[in-house]
Amino acid sequence: METVYLSLGSNLGDRQHYLEQALTLLGTNQKVMVSKQSSFYETSPVGGVVQDNFINLAIEIMTTLSAQELLDLIHTIEKQLNRQRLVHWGPRTIDIDIIFYGEQQIDQANLKVPHPEAFNRYFVLQPLAEIMEDSAPVKAQVNTALEQLAKTVTDQRLEKVAVDLTPKEKIAAAVKTILSAVGEDPQREGLVETPQRVAKMYEEILASQTKGPFEDYKLFETSPDERNQLIVMKDIPFYSMCEHHMLPFFGQVHVAYLPQAGKIIGLSKIPRLVEYVSQKLQVQENLTREIAETLVEILAPLGVAVVVEARHMCVEMRGIKKLNSHTKTSYYTGVFETDANMRQEFLAGL
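Keep in mind that this is a model prediction, so the values were computed, not measured.

Here is what the cut-offs are and how they apply
Residues numbered from 1 in each chain as written. Predicted model: local features only at pLDDT ≥ 70, side-chain atom pairs only at ≥ 80, totals over all residues. Heavy atoms only, no water. Core = buried A, V, L, I, M, F, W, Y, C linked by side-chain atoms within 4.5 Å. Buried < 20%, exposed > 50% of the residue type's maximum accessible area, 1.4 Å probe, protein only. Helix = DSSP H or I, 4+ residues; strand = E, 2+ residues; numbered from the N terminus. Contact = heavy atoms within 4.5 Å. Pairing = 2+ DSSP bridges. Axes fitted to C-alpha atoms, helices over the stretch in contact; angles between N-to-C directions. Expected span 1.5 Å × (residues − 1). Arc of directions from axis to C-beta. UniProt positions renumbered as here; feature names shortened; annotations may be inferred. Parallel < 35°, antiparallel > 145°, perpendicular 65-115°, else oblique. Left-handed = near helix turned anticlockwise from the far one by under 90°.

Caption draft 1: Geometry of the nonpolar core. The biggest cluster of nonpolar side chains holds 29 residues, and the ones touching the most others in it are Leu 6, Leu 8, Ile 59, Leu 70, Ile 96 and Ile 98. At the level of elements, strand S1 (2–10), helix H1 (15–27), strand S4 (54–63), helix H2 (67–80) and strand S5 (95–101) are the ones that each hand at least two residues to this core. A total of six residues in this core trace back to one element, the largest contributor, which is H2. Discounting residues that sit within four places of it in the chain, Leu 8 has contacts with Leu 19, Ala 22, Leu 23, Ile 55, Asn 56, Leu 57, Ile 59, Asp 95 and Ile 96.

Caption draft 2: Spotlight on the sheet that holds strand S14 (residues 303–312). The strand order S13-S10-S11-S14-S15 describes an open sheet built from five strands, whose pairing is mixed. Looking at strand neighbours, the two that pair on one side only are strand S13 (281–282) and strand S15 (327–334), the edges of this open sheet. One ladder, built from ten bridges, connects strand S11 (residues 248–258) with S14; its direction is antiparallel. Looking across to S14, one finds that Ala 256 is bridged to Ala 305. In the packing of helix H7 (residues 269–278) onto the sheet, the strands contacted are strand S10 (231–242), S11 and S13, and the crossing angle to S10 comes to about 20 degrees.

Caption draft 3: Examining H1 more closely. With 13 residues, H1 extends 19 Å from end C-alpha to end C-alpha; this agrees with the ideal 18 Å at 1.5 Å per step. Three or more residues of H1 are buried, namely Gln 16, Tyr 18, Leu 19, Ala 22, Leu 23 and Leu 26. Buried residues of H1, viewed axially, fall in a sector of 160 degrees; they line one side.

Caption draft 4: The arrangement of the UniProt feature "domain: 7,8-dihydro-6-hydroxymethylpterin-pyrophosphokinase" (unreviewed entry) in the chain in detail. In the UniProt entry, the feature "domain: 7,8-dihydro-6-hydroxymethylpterin-pyrophosphokinase" (unreviewed entry) is given for residues 88–99. Helix makes up 0% of residues 88–99 and strand 42%, whereas the separation of the span's terminal C-alpha atoms amounts to 18 Å.

Caption draft 5: Focus on the packing of H7 against helix H8 (residues 284–299). Two numbers describe how H7 lies on H8: the axes approach to 10 Å, and their chain directions differ by 135 degrees. In this view, H7 runs oblique relative to H8, as classed from their interaxial angle. H8 is crossed by H7, and the crossing has right-handed handedness. Facing Leu 273, Val 274, Tyr 276, Val 277 and Ser 278 of H7, the residues of H8 in contact are Leu 287, Glu 290, Ile 291, Thr 294 and Leu 295.

Structure, rendered in structure tokens:
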């Protein structure tokens, strides 16, 4: 069993919550035991990319996984937590690095241990020094590097932060503030449990906010004589939340695709995809496009067509208050974009 030190950071979304989720996922692996955890530190970003501050921490784990197996597990966890980094040193929901793996020195294309930047990053070394025993083989090097960096690094924020509220607790606290701001009494009998109910509701209807790519599907191969038949599923109900006013919009989704090489997706998975895409803050145009682009990524079909018809409460409840108005959006790829007859065949069936 090896003693391994990891550095974790996040600067997108609920930063501390992402770190806590990563710790939970690491700990669920039977070959990993999280033995120590540092304080949470708010740290300045490095690399010259304009972005928000990070929350960082270090952990010590005991594991029987090889370094490569551990790296694979880390990549799986980062994917689960919807890691996105469009540019090097750019913002991301979660970043997990292997800093030290026992006393091993590893120099591979995808893994270098000790981490090449280990002794150059104040935000890595300070949390490590907090949890590393004096008897640890690299503790003296860590202390020496910290002393040197303390003299030269003057633009790095490194400040301990308290353990944060959970997402549900944050929402409940915000709802109490809103109730007071609109002139209500949060302690009134009918409202005492409202903040918790709202928090639970948001957890449900915005469940995809922190999820990774859609993976709840299964593909099938059809027999040769069934290939290239137009597949249409219409009147799929959906409910989503407008990102401008956080009010619902809802309606129906119509989806069609033309398979390529006989590859099809289980029919029940298309409504699952619609539900997955719907459970986040967004606008109708993005919802329409994401459904189509996800199907393209999964199936690589000859073409995809998506039409969404919806009512928006931000139009009907406020502002111009136009009741029963409908918004229709469409998105076409492949043959549906280039072949007017194919597109018309789809639309005629709606």
